[in-house]
Amino acid sequence: MSFITKPKITHPGLPKNDIGLTRRDYEGGMSTLCAGCGHDSVTAAVIEAVWGLSIRPEQLAKLSGIGCSSKTTAYFDSGGHGFNGVHGRMPSIATGAAAANRDLYYVGISGDGDTLSIGFGQFAHAIRRNVNMLYLIENNGVYGLTKGQFSASADIGSKAKRGEENKQPPVDPVMTALMLGATFVARSFSGDKEQLVPLIKAGLRHNGFALIDVLSPCVTFNDHEGSTKSYEFVRDHYDEVVHADFVPPATEITAQYAEGHALPVTLHDGSRILLRKLDPSYDPTDRTRAIGYLREKLQQGEHVTGLIYVDQSSSDFHAVNNTTATPLNQMAYEKLTPGRKGMEKIMGRYR
Amino acid sequence: MHTTANAQDRVNDFVLKLANVNGTGSASANTLLMKSMFRMGIPVMGKNYFPSNIQGLPTWYEIRVTREAYVARSGRIDIMVAMNAETYQRDVREVDPGGYLIYDSSWPRPTLLKRDDITILGVPLARMCNETFKGVRARILLKNIMYSGVLAALLEIDLDVMRALLAESYSSKKSLLDSNTQALEIGYNYAREHFPCPLPTRVARMDKTANHILIDGNTAAALGCLYAGATVGAWYPITPSTSVMDAFKSFCQKWRVDPETGKNNYLIVQAEDELAAIGAVIGASWNGARAFTPTSGPGISLMNEFIGLAYYAEIPAVLFDIQRVGPSTGMPTRTQQGDIMLAAYASHGDTRHVLLFPANPEECFHQAIDAFDLAERLQTPVFVLSDLDIGMNDWMCPVLDWDESYKPDRGKVLTKAQIENLPTKFHRYLDLDEDAIPYRTLPGVHPKGAYFTRGSGHNQYGGYTEDAAEYQIVLDRLRRKFERAKSLVPKALIDASGNQAAIVSVGSSDGAVREALDILKSRGVTLDYMRIRAFPFGPDVEKFLASHSLLFIVEQNRDAQLRSLLTLETPIEKHKLRSILHYSGLPISSSCIVDGVLAELGNEKRLVNSG
Ligand SMILES: Cc1ncc(C[n+]2csc(CCOP(=O)(O)OP(=O)(O)O)c2C)c(N)n1
Ligand code: SF4
Ligand SMILES: [Mg+2]
């Protein structure tokens, strides 16, 4: 079996973005996931967002670990380089890649297994470094690719397909990210494109580490009754607290919002996220209160979605490291070597 | 005074050992002593035997003064400065007959002084320090400088050279310079007054160190990374590799900060562990930066999965393995050549890697640069297998010169224009030039150059595959690529004069072998010698092995790892090989090799005679 490429048929009527490309220009190889898998909807949302942002296809670097979710980097943007690394270690590859070239957009796609068990350490440290990347977890509560074992995000009491009940407490990536100081934390649902697409746009434009935990049901191993990561359960128990609309630079905000309900956040490049608060008492710029709010809601059996926390003021990986503006992979050798004169000077210390 | 050896013999040819407690500041005195003799034109070698501890455990420093410029341990001790009560008895025992022992006689320890074949010299160091200096810490530190002064008188080290060195160290701290100079002189004067100075064991000016430096291998390796144009370094601290990144950082702070913007033309990631360190190196190299990670055995063990990914997905990566004593945590501050097999085949499945074996700091510098060129040319991980002895000890080597014409070999990377003009889609793993090395593209350059990097099965076009034939095409090319490396890696160094028997060694065993060859020659045994500098072994190595009937493989590990690799990777007949193994954790000495060779030759003769 070799790599399947989708036949490229261009419809002249397809809408074009600012750089003259259609959505089809952002597609990738044919998905080999199960029909109905939530991950495919996330792929579609990524395509929509990247097309909408008019990012040049080669400007996006796609990184992933191992799992059904991690396979999806092959299913969009075939004009950008992809890297399917090893299980749970995508964040370190992303860190190195971002170190080498600060000018690209990095999207990391991972699973709940890839991120929350084998890759928990790397996930945490990519957040601590505030690597400038969008990190998407396609969270289905199971290890899909190894056939349905519980993952670390499985809720207590959630039932496996054959009835076994999970007894260990889950790791919540959103709570974890908040605790670790992540500067952009969101939760969404693969079935809610309207919510997810603007979040992806904002996350890509965010200066620093942007996490979106996307509930993405596994139809084959975790979509039955008794599962807390099924389509039905997520629809019933996940509620949006802050809706984010992405507003490109130099676009007027036209819609009307009730007093106290709208909060514009300006991103590094001048674009804005317009936050529509569904609970007026909620403040997505207050980390401590966000954590409290999430806890409270969870006790009531509700999972909060939307743009839960955002901070545009903190320094990203390159700012912390005081790196030069020119991508390191493009520095001329002459700028990097002290040369012969330099060597003479250096040798003086060791004579 | 008791003397057994001919006194004349010991001028510029002796070993001085300093026994201390770690954390008491003895390092600066060690450097002062060694460097002052070096500046007098006398070849010196320093070895630091330190504990894996911050304060309070025994530490020794050995300075070999060697007019022949040997670089290994000789195995003898002529002068012991015994400053550690804890190890005093053992230190007294170690001195060779006819030697000297210097101790702090502030509190007499008569019961311990039980040897009449050596000369014992007591100096009331603590008492004199307490009388002269204020502050507990200052007194402890200055005691070291004071015994340096004692040694200056006994060994006839030029006091002005020592004063000048102190002035360099404390150029901005006048008060420290004054107290240090005072301590030095107190020690010096005490010795002149109380002992017949100089001793027959002493130094005399030479001119054998001009155009030489004293440098450790880790600093030299870091300098190599700087000159290779490495921009990304990722690491997790581990002895004895830590000083590679420390040195790289300080070189970068001096040479890699843009004078106009104040911005850094480098980025160092202190990773959360070695898995992340190698992951970052792979990510950065994939993205077209020169990236490296320094580590030691435990780190390589952790990195195995990623190393296989870089091998199979053909991503350059440079790893410095500063070997220490294993297995497991082992003895972190002792040296060994114990990672040869680990590195050669690191990771699961059919993997094999390019290894470089520096023997001294000079080679650490050059092979660091070679490593980047080879990694990018061959699109594969390259290991520089140094060790604690090379990495952390100061070695005398020729001043490093820089050839301004050097251009990094960035390998087969397509430019934007080349991608634009491709007649077809870009195919990542196609052997277009039939040299087993495919072309690669970098992210962000051109959409036509995009491909998918994966550690899962892939065909030569870069596509996912589970097809046997497609998989094998790529795997077989990787095998051919490794064959090609044979002609690109540094050649072995060979000293041959038609002898039937020869020594083969690697890395830091070289110094001891060279000295052993001289000693053996003086006893009528001449041997050829080959020092292997890289894996895969080239035709030069095979030819040397084939043309000798008896080969001593000298290495510093228990399991004869170099010998194993030679038997696996060359057609050498096993019965020709004899191992000389040293794995105490201390650097191998020439006497160990001389004894090993002579014992074996004795056996051979007996065999021949009885046959
Ligand atoms: C080192 C290692 N251990 C185990 C595996 C097997 N493995 C592959 S994917 C996977 C779990 C993936 O789960 P998740 O990240 O949640 O992805 P999903 O398939 O659910 O999308 C495991 C355990 C592996 N590839 N590598
Ligand atoms: S097993 Fe589950 S996660 Fe994997 S592709 Fe099928 S539905 Fe998706
Ligand atoms: Mg999963």
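Criteria and cut-off values
Residues numbered from 1 in each chain as written. Chains lettered and ligands numbered in written order. Predicted model: local features only at pLDDT ≥ 70, side-chain atom pairs only at ≥ 80, totals over all residues. Heavy atoms only, no water. Helix = DSSP H or I, 4+ residues; strand = E, 2+ residues; numbered from the N terminus. Rg over C-alpha atoms; globule rule 2.2 N^0.38 Å. Buried < 20%, exposed > 50% of the residue type's maximum accessible area, 1.4 Å probe, protein only. Contact = heavy atoms within 4.5 Å. Areas by Shrake-Rupley, 256 points an atom, 1.4 Å probe, with all protein chains shown as cover. Lys, Arg positive; Asp, Glu negative; His and termini not counted. Charge placed at Lys NZ, Arg CZ, Asp CG, Glu CD. Buried area = accessible area lost by both parts, 1.4 Å probe. Salt bridge = Lys/Arg side-chain N within 4 Å of Asp/Glu carboxyl O. Polar contact = N/O pair within 3.5 Å; in protein donor to acceptor, adjacent residues only side chain to side chain. Pairing = 2+ DSSP bridges. Phe/Tyr/Trp six-rings, centres within 6.5 Å; stacked < 30°, edge-to-face > 60°. Lys NZ or Arg CZ within 6 Å of the ring centre and 35° of its normal. Near = heavy atom within 4 Å. Nonpolar A, V, L, I, M, F, W, Y, C, P; charged D, E, K, R; others polar. Donors = N, O, S within 2.8 Å, 3.2 Å for Na, K, Ca; no water. Right-handed = clockwise from strand over helix to strand, strands pointing away. Axes fitted to C-alpha atoms, helices over the stretch in contact; angles between N-to-C directions.

Draft legend 1. Expanded view of the overall build of chain B. Scanning chain B from terminus to terminus reveals 19 helices and 22 strands. Relative to the compact-globule value of 25 Å for 611 residues, chain B shows a C-alpha radius of gyration of 27 Å, a close match. Counting only C-alpha atoms, chain B reaches 90 × 75 × 40 Å along its principal axes. For chain B, the residues scored as buried account for 60% of the 611 residues in total.

Draft legend 2. Structural view of the overall build of chain A. Within chain A, the secondary structure is distributed over 12 helices and 12 strands. Across its three principal directions, the C-alpha atoms of chain A cover 75 × 55 × 55 Å. Taking all 351 residues of chain A together, 58% fall into the buried category. The long-range share in chain A, meaning contacts at least 24 apart out of those at least 6 apart in sequence, stands at 70%. Only carbon and sulfur atoms are counted for the fraction: they give 51% of the accessible area of chain A, which is about 14,100 Å². Averaging the positions of the 36 positive and the 37 negative side-chain charges in chain A gives two centres separated by 9 Å.

Draft legend 3. Inspection of the interface of chain B and chain A at higher detail. Counting from both sides, the interface comprises 76 residues of chain B and, opposite them, 59 residues of chain A. Across the interface of chain B and chain A, roughly 5,600 Å² is buried in total on both sides, 61% from carbon and sulfur atoms. When the buried area of chain B at its contact with chain A is split by residue, Trp-255, Glu-272 and Phe-452 of chain B rank highest and sum to 12% of it. Counting the contacts that link chain B with chain A gives four salt bridges. Close ionic contact of Arg-340 of chain A with Asp-401 of chain B constitutes a salt bridge, the shortest N to O distance being 3.1 Å. Taken together, the links from chain B to chain A amount to 27 residue pairs in polar contact (both at pLDDT 80 or more). For the side of chain B that touches chain A, the secondary structure elements donating two or more residues are helix 1 (26-39), strand 7 (212-216), helix 7 (217-228), helix 8 (242-255), strand 9 (267-270), helix 9 (274-286), helix 10 (297-313) and strand 16 (452-454) of chain B. The element best represented in the side of chain B that touches chain A is helix 9 of chain B, accounting for eight residues. Looking at chain direction, strand 2 (residues 82-84) of chain A and strand 16 of chain B are connected through three bridges and run parallel. Across the sheet, the residue bridging to Gly-82 of chain A is Phe-452 of chain B, located in strand 16 of chain B.

Draft legend 4. Quick peek at the packing of aromatic side chains. Considering all chains together, one arrives at 20 aromatic pairs over all chains under this definition. Their ring planes at 85 degrees and their centres at 4.9 Å tell us that Phe-248 of chain B and Phe-292 of chain B sit as a pair that is edge-to-face. Here Phe-292 of chain B lies in strand 10 (residues 291-295) and Phe-248 of chain B lies in helix 8, a separation of 44 residues in the sequence. Judged by its relative accessible area of 0%, Phe-248 of chain B falls in the buried class. For Phe-292 of chain B, a relative accessible area of 0% translates into the label buried. The rings of Tyr-333 of chain A together with Tyr-227, Phe-365, Trp-402 and Tyr-406 of chain B are connected pair by pair, giving a single aromatic cluster. The side chain of Lys-62 of chain A reaches across the aromatic face of Phe-76 of chain A, ending 5.6 Å from its centre. Note that Lys-47 of chain B overlies the ring of Trp-395 of chain B, its terminal NZ or CZ placed 4.3 Å from the centroid.

Draft legend 5. Fine view of the site of ligand 1. Around ligand 1, the structure places 18 residues, and the nearest of them are Ser-69, Asp-112, Gly-113, Asp-114 and Gly-144 of chain A. Bordering ligand 1 are residues originating from chains A and B. Contact distances for ligand 1 include 3.0 Å between an oxygen atom and a backbone N or O atom of Leu-145 of chain A. Among the elements of the structure, helix 2 (68-71), helix 4 (112-116) and strand 5 (142-143) of chain A are those that each provide at least two residues to the shell around ligand 1. Class assignment for the residues of the shell around ligand 1 results in six nonpolar, nine polar and three charged.

Draft legend 6. Focus on the coordination of the magnesium ion (ligand 3). Residues and elements named next belong to chain A. The coordination sphere of the magnesium ion (ligand 3), as far as protein atoms go, consists of Asp-112 (OD), Asn-140 (OD1) and Val-142 (O), spread over 2.1 to 2.2 Å. Sequence spacing of the donor residues for the magnesium ion (ligand 3), all on one chain, is D-x27-N-x1-V. Taking the relative accessible area as the measure of exposure, Val-142 reaches 3% and is therefore buried.

Draft legend 7. Spotlight on the pairing of strand 14 (residues 381-387) of chain B. Residue and element names in this part refer to chain B. Judged by how many residues are buried, strand 14 sits mostly within the fold: seven of seven residues are covered. Because side chains alternate across strand 14, one face comprises the buried residues Pro-381, Phe-383, Leu-385 and Asp-387, and the other comprises Val-382, Val-384 and Ser-386, equally buried. When strand 11 (residues 317-325) meets strand 14, the two strands line up parallel, connected through seven bridges. Residue pairing across strands places Ala-317 opposite Pro-381, the latter belonging to strand 14. A crossover connection joins strand 13 (residues 354-356) to the parallel strand 14 through helix 12 (residues 361-378); in handedness this β-α-β unit is right-handed.

Draft legend 8. Examining the site of ligand 2 more closely. Every residue lining ligand 2 is accounted for by Leu-33, Cys-34, Cys-37, His-39, Cys-68, Asn-140, Cys-218, Val-219, Thr-220 and Phe-221 of chain A. Grouping the amino acids of the shell around ligand 2 by side-chain chemistry returns seven nonpolar, three polar and no charged.

Draft legend 9. Just the sheet that holds strand 6 (residues 119-123) of chain B, in detail. Residues and elements named next belong to chain B. With mixed pairing, six strands are arranged side by side in an open sheet as 2-3-1-4-5-6. Both outer strands of the open sheet, strand 2 (44-49) and strand 6, are each paired with one neighbouring strand and no more. Strand after strand, the sheet turns through a mean of 15 degrees between neighbouring axes, direction not considered. Looking at chain direction, strand 4 (residues 79-82) and strand 5 (residues 100-104) are connected through four bridges and run parallel. Across the sheet, residue Val-81 finds its bridge partner in strand 5, namely Ile-102. Against the sheet, helix 4 (residues 136-155) contacts strand 1 (13-21), strand 4, strand 5 and strand 6, and its axis sits at roughly 160 degrees relative to strand 1.

Draft legend 10. Representation of the side chain of Asp-510 of chain B in the model. All names here are of chain B. Within the fold, Asp-510 resides in helix 16 (residues 510-522). At 2.6 Å, the side chain of Asp-510 and the side chain of Tyr-529 are in polar contact. Discounting chain neighbours no more than four positions away, the residues touching Asp-510 are Ala-359, Ser-505, Tyr-529 and Arg-531.

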